[in-house]
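Below, each chain spelled out in residue letters.
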Amino acid sequence: MNQPLTMDISGIKVLAFDADDTLWDCQGHFEEATDRYCEILAPFADFETVRTSLFQTETKNMPDLGFGTKAFTLSLVENAVKVSKGKVPAEDVGRILELGRGLLHLPATPLDGVEETLRYLEKRWKGRMVLFTKGELLDQESKLQRSGLAHFFSRTFIVSDKTPDEYRNLCRDCNCQPHELLMVGNSFKSDIRPVLEIGGYAVHIPFHVTWELEHAPTFRHERLAELEHITQLVNLLNGE
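Residue indices begin from 1 for each chain and proceed along its sequence in written order. Given that this is a predicted model, residues contribute local features only at a pLDDT of at least 70 and side-chain atom pairs are listed and counted only at 80 or more, while totals for whole chains, interfaces and linings are drawn from all residues. To get the side-chain values, take all heavy atoms of the structure and skip hydrogens and water.

Undergrad: I tried to follow the nonpolar core on my own but got confused; where do I start?
TA: Generally speaking, a soluble globular protein has its nonpolar side chains buried in company with each other. We define a nonpolar core as any set of buried Ala, Val, Leu, Ile, Met, Phe, Trp, Tyr and Cys residues linked to one another through side-chain atoms lying within 4.5 Å. Each residue gets one of three labels from its accessible area relative to the maximum for its type: buried under 20%, exposed over 50%, partly exposed in between, using a 1.4 Å probe on protein chains only. Counting 49 residues, the largest nonpolar core has Leu15, Phe17, Phe153 and Leu233 as the members making the most contacts within it. Helix numbers and strand numbers start at the N terminus; a helix is a DSSP run of H or I with at least 4 residues, a strand a run of E with at least 2. Per-element accounting of this core gives the leading share, five residues, to helix α1 (residues 27-40). If we skip the residues at most four places from it in the chain, Phe153 touches Phe17, Leu23, Leu118, Met129, Val130, Leu131 and Leu144. One finds Phe157, Tyr167, Met183 and Ile192 within the second-largest nonpolar core, a separate group that totals 20 residues. Whether two residues are in contact is decided by their heavy atoms, any of which lying within 4.5 Å being enough.

Undergrad: Honestly, the confidence of the model for the protein in this entry has me stumped. Any pointers?
TA: Detailed conclusions should not be drawn from predicted coordinates in areas where pLDDT is low. A score between 0 and 100, pLDDT records how confident the predictor is in each residue. For the protein, per-residue confidence averages 91 on the pLDDT scale, and residues scoring 70 or more make up 95% of the total. Of the regions scoring below 50 in pLDDT, residues 1-5 engages in 11 contacts with residues more than four places distant in sequence or in other chains.

Undergrad: It is not clear to me how the pattern of salt bridges should be interpreted in this structure. Could you clarify?
TA: Any two side chains of opposite charge can pair if their charged atoms end up close together. We define a salt bridge as a contact between a side-chain nitrogen of Lys or Arg and a carboxyl oxygen of Asp or Glu at a distance within 4 Å. Taken as a whole, this structure holds 12 salt bridges when the rule is applied. For Lys143, the salt bridge identified is with Asp20, shortest N-O distance 3.0 Å. Of this pair, Lys143 sits in helix α6 (residues 137-147) while Asp20 sits in the loop between β1 (14-17) and α1, placing them 123 residues apart in sequence. Exposure class is identical for Lys143 and Asp20. Each is buried.

Undergrad: What should I look at first to understand the side chain of Asp20 in this one?
TA: Among the residues examined, Asp20 registers a relative accessible area of 15% and is labelled buried. Of the polar contacts made by the side chain of Asp20, one reaches the side chain of Trp24; its length is 2.8 Å. In terms of polar contacts, Asp20 uses its side chain to reach the side chain of Lys143, at 3.0 Å. Leave out the neighbours within four places in its chain, and Asp20 touches Cys26, Thr133, Gln140, Lys143 and Asn186. Whenever a nitrogen or oxygen atom comes within 3.5 Å of another N or O atom, the pair is scored as a polar contact, on the condition that within protein one atom can donate a hydrogen and the other can accept it, and that pairs from neighbouring residues in sequence are kept only if both atoms are in side chains.

Undergrad: Got a minute to help me understand helix α2 (residues 47-65) in this structure?
TA: Each turn of an α-helix holds 3.6 residues, which means side chains three or four residues apart point in the same direction. Considering bend angle alone, the principal kink of α2 is centred on Thr59 and spans about 30°; proline Pro63 follows within four residues of it. For α2, the full list of buried residues reads Val50, Ser53, Leu54, Thr57, Glu58, Asn61 and Met62. On the buried face of α2, the contacting elements are α1 and α3 (69-83). Its side-chain oxygen 3.1 Å from the backbone nitrogen of Glu48, Asp46 forms the N-cap of α2. Gly66 sits one or two residues past α2 and shows a positive phi near 70°. The reported bend at a residue is simply the angle between two axes, fitted to the 7 residues ending at it and to the 7 residues beginning with it.

Shown next as structure tokens:
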């Protein structure tokens, strides 16, 4: 684990938070939906074959569909046709569509310690707190409202992907320099590596499950801290 003891964050002006799997569970619900999907397609292929094929379909569709529940649902249907060689019954296609629709209403219940941490920072931390997440606009906005956390953030940014250029845009929109930005998130690929690349700071809080497309090698860095729980963020910001 990266220790934050030598990371000087005294110049941080903007604290940006990821949403899915940082503030609330998202991937866990997608995993459950995928398991049910594999059960529906069990007459045509085993679980591992279906999951592998779905990952390939999602990867292929990413440039056109991007991230989010709606993109995932389209990939579910396309992959069902592929795995079944066009034989999947219309009734099962309907069940698959309902799986996707259900994900549009996942609870977005804040993870343990999230509310108390944000409440403390809202009162004690002098910088700005913003939400910076990727995905489909309506889906992400809806989850944020259901979570009850929207009032903690001065601004919300929803982008199609978290590239270095999008982090630079975030800095411009927040009127700060990259070295004045601290990003908090669970994905090393989306929340950590790009912000370090532009000269910012990052806090990695791993989630217990990671989407395959978010897998990426980790590394140590002088501007990176890795925490086990979001409540430890308070100590980090207090220099403890």
